[in-house]
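Summary of structural features
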Amino acid sequence: MAAELCLEIVVFVAVLRGGGIFSGEGSRDLGDPKRESLKVSSQRAVLAGVFHPDDGFDRTNALDELKGLVHTAGVEVVGELVQFRETPTPSTCIGSGKLEELKQMILATEAQMVIFDNNLSPSQGRALEQALEKPIVDRSEVILDIFATHARTTEAMLQVELAQLMYYRTRLKRMWTHLERVGGGGTGGLGAGRGPGEKQLETDRRLIDRRIAELKSRLHDVEERRSRTVSLRREQPTVSLVGYTNAGKSTLMRALTGADVLVEDKLFATLDTRTRRWHVAAFGDVLLSDTVGFVRNLPHHLVASFRSTLEEAQHADLLLHVVDASSPEAERQIRTVYEVLQEIGIEATNVLLVLNKVDRVQDQSFVDVLRRRYGDTVTISAAQGLGLDRLHEVVGLRLSGGFVEAEIETGVGNGRLFAWLTQHAAEHSRTYIDDAASRVKIACRLPKQAVGSMPQEDAVVRLTS
Ligand SMILES: Nc1nc2c(ncn2[C@@H]2O[C@H](COP(=O)(O)OP(=O)(O)OP(=O)(O)O)[C@@H](O)[C@H]2O)c(=O)[nH]1
Ligand SMILES: [Mg+2]
């Protein structure tokens, strides 16, 4: 039985190798997923994209974000082609005239692949491969590949692998066309008579389904454990950093808490959630979480897989939406973040927009427009530590809505109450109220929801606001 399983897994790894354009070296077994360092070969690629005329892009900037993504994945861009259409062509996404142009560009640049900014359906991918005789990669694949390369924690690895398999499951045929090229090295294209039969595809699909079921069950266990940790924290005020990828969330986390989190000029540097204690001046301690960034057209399976990682954000008392205010794309990115938040079911009721990277802003009027449009905002430079005092102040004010001021009188030996206060209260002062110093009055701030769980014995409590 074990031997049979091993054989099948080899086939499965082979299938994945054929399919992952960038991620050829990621091997897996059914134990803990281990990722060897991925070889992101410097492939020569032509970038292509079909955009809606009303999207607000122009020929010079439409592919900028894709360029950033493939740069992160280590690809060499040798050509670009953009088309503006109301709707992509159903069969090949790009229109027939542009398809011809793309063919010529591939020949002229000796490109090894074409990367689309659009998310292609399996049949569009197949049709394009047949027409262009080159591997076709779409936006989802690029993002999945970057996530796979950056995943560090077991949970992130499981989530990415699940999303990849869900994506590849419907594209097995396409993957075999890659395999044929890898094996034959020729330009024979499709229908060269060596294609795998439907039976092989059936087997692969069955293997993938089995692995998907296993990943789901393991993720379920990890998520349950995490859920317990998150709910333990719930009585403390929590703040989550959200925002477009590369906006500066981790830089801000580092500036506020001193946490040694990864900061990189790279898309999707952070994939897992980190939580640290942050002392908000004039308020008290809160828990601050930094997590995965968002991007336009995030692959659906990836959003589904990462929903649990964003649990901290789901339960946060306040979301700090970090924006790269120096980017000409700032407004579009803000909209995308709200859309993704909605998609993962996070209610954006208590959000504070934090306009970051002001040190890099050329035209100040651009920031003023954002400020006017979004109302309550704080302008900062996380990298240079500018505006952080104001951020403390506004966060304190926003959080106070969920807290009460209290005066508590008790005996100095009331260990249970003191332990409870250490966990929940931000203490302002402590005064002894008798000569023997046996009784004490404590002024503090408490989360409203925690008040009910305060030990009552030998305590006189007065809520002052
Ligand atoms: N000039 C300037 N650069 C900044 C500022 N804040 C962050 N950066 C830079 O922006 C890049 C991205 O910063 P990160 O903190 O990694 O961004 P992030 O939002 O955590 O990104 P992901 O984890 O990839 O989603 C890094 O090169 C930072 O040094 C800032 O205030 N000013
Ligand atoms: Mg980060």
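Heads up: these notes are all about the structure in this document. (Residues numbered from 1 in each chain as written. Chains lettered and ligands numbered in written order. Predicted model: local features only at pLDDT ≥ 70, side-chain atom pairs only at ≥ 80, totals over all residues.)

What follows covers the overall build of the protein chain. Within the protein chain, the secondary structure is distributed over 15 helices and 14 strands. Relative to its 465 residues, the protein chain shows a buried fraction of 38%. (Helix = DSSP H or I, 4+ residues; strand = E, 2+ residues; numbered from the N terminus. Buried ≥ 20, exposed ≤ 12 C-beta atoms within 10 Å, placed from the backbone.)

Below, the discussion takes up the packing of helix H2 (residues 64–72) against helix H5 (residues 139–150). Interaxial distance between H2 and H5 falls to 9 Å at its minimum, and their mutual angle equals 40°. One finds that H2 runs oblique with respect to H5. As H2 packs across H5, the resulting crossing turns out to be left-handed. On H5, the residues that touch Leu66, Leu69, Val70 and Thr72 of H2 are Arg139, Val142, Ile143 and Ile146. Here the contact of H2 with H5 is composed, by residue class, of six nonpolar, one polar and one charged. (Axes fitted to C-alpha atoms, helices over the stretch in contact; angles between N-to-C directions. Parallel < 35°, antiparallel > 145°, perpendicular 65-115°, else oblique. Left-handed = near helix turned anticlockwise from the far one by under 90°. Contact = placed C-beta atoms within 7 Å. Nonpolar A, V, L, I, M, F, W, Y, C, P; charged D, E, K, R; others polar.)

Relative to strand S13 (residues 439–447), strand S11 (residues 403–411) runs antiparallel, the two being bridged by nine bridges. Note on S13: the bridge partner recorded for valine 404 is leucine 446. The sheet contact formed by S11 and strand S14 (residues 459–463) spans five bridges and is antiparallel. In the sheet register, threonine 410 faces S14, and the bridge partner there is alanine 459. (Pairing = 2+ DSSP bridges.)

Turning to the sheet that holds S14, a few remarks are in order. Sheet architecture is open: four strands sit in the order S12-S13-S11-S14, paired in antiparallel fashion. The two strands at the open ends of the sheet, each matched to only one other strand, are strand S12 (426–432) and S14. Each strand of the sheet is rotated relative to its neighbour by a mean of 20°, with strand direction disregarded. Here S12 pairs with S13 via six bridges, running antiparallel. Directly across from threonine 431, in S13, lies its bridge partner lysine 441. Relative to S13, helix H15 (residues 415–424) is tilted by about 35°, and along the sheet it contacts S11, S12, S13 and S14.

A few words now on the site of ligand 1. Taken together, 23 residues form the shell around ligand 1, and within it Gly248, Ser250, Asp265, Thr270 and Gly293 come nearest. The element contributing the most residues to the shell around ligand 1 is helix H9 (residues 249–257), with three residues. A per-class count over the shell around ligand 1 returns seven nonpolar, 10 polar and six charged. (Near = placed C-beta within 6 Å.)

Taking strand neighbours across the sheet as the criterion, the four strands line up as S2-S1-S3-S4 in an open arrangement whose pairing is parallel. Only two strands of the sheet have a single partner each, and these edge strands are strand S2 (76–84) and strand S4 (136–137). As paired strands, strand S3 (residues 113–116) and S4 are joined by two bridges and run parallel to one another. When the bridges of S4 are listed, isoleucine 115 appears paired with valine 137. Lying over the sheet, H2 contacts strand S1 (44–51), S2 and S3, oriented at roughly 150° with respect to S1.

A few words on the environment of tyrosine 167. Checked against the element boundaries, tyrosine 167 lands in helix H6 (residues 154–169). The spatial distance from the C-alpha of tyrosine 167 to the C-alpha of leucine 144 is 9.1 Å, given a sequence separation of 23 residues. Those residues in contact with tyrosine 167 that lie beyond four places of it in its chain are Ser140, Leu144, Pro299 and His301.

On to helix H14 (residues 388–400), then. End to end, H14 covers 18 Å across 13 residues, agreeing with the expected 18 Å (1.5 Å per residue, within 8%). Looking at H14, one finds that the buried residues are Leu391, Val395 and Leu399. Buried residues in H14, looked at end-on, bunch into an arc of 55°, giving them a common side. In H14, those exposed residues whose orientation departs by more than 90 degrees from the buried face are Asp389 and Arg390. (Expected span 1.5 Å × (residues − 1). Arc of directions from axis to C-beta.)

Another aspect to go through is unusual backbone geometry. Positive phi, normally seen in glycine, also occurs at asparagine 246, with a value near 75°. Its location among the elements puts asparagine 246 in the loop between strand S5 (238–243) and H9. Its 23 C-beta neighbours within 10 Å are what place asparagine 246 among the buried residues. A positive phi is found at alanine 437, a non-glycine position, where the angle reads about 55°. Of the residues examined, alanine 437 has 9 C-beta atoms within 10 Å and is grouped as exposed.

Turning our attention to helix H12 (residues 330–343). For H12, spanning 14 residues, the distance from its first C-alpha to its last is 20 Å, which sits close to the expected 20 Å at 1.5 Å a residue. For H12, the complete set of buried residues consists of Ala330, Gln333, Ile334, Val337, Val340 and Leu341. The buried residues of H12 all sit within an arc of 130° when viewed along its axis, so they share a single face. Along H12, exposed side chains directed more than 90 degrees from the buried face belong to Arg335, Glu339 and Gln342. Along its buried surface, H12 packs onto S5, helix H10 (300–306), strand S8 (318–324) and helix H13 (364–374). Positive phi appears at glycine 345, one or two residues downstream of H12, with a value of about 80°.

This paragraph deals with the nonpolar core. Most often, soluble globular proteins have nonpolar side chains that are buried together. Core analysis: the largest hydrophobic core is formed by 102 residues, its most contacted members being Val114 and Phe147. Examining the composition of this core, we find that eight residues originate from one element, H6, more than from any other. Setting aside residues up to four positions removed in sequence, phenylalanine 147 forms contacts with Val160, Phe268, Leu271 and Leu302. (Core = buried A, V, L, I, M, F, W, Y, C linked by C-beta atoms within 7 Å.)

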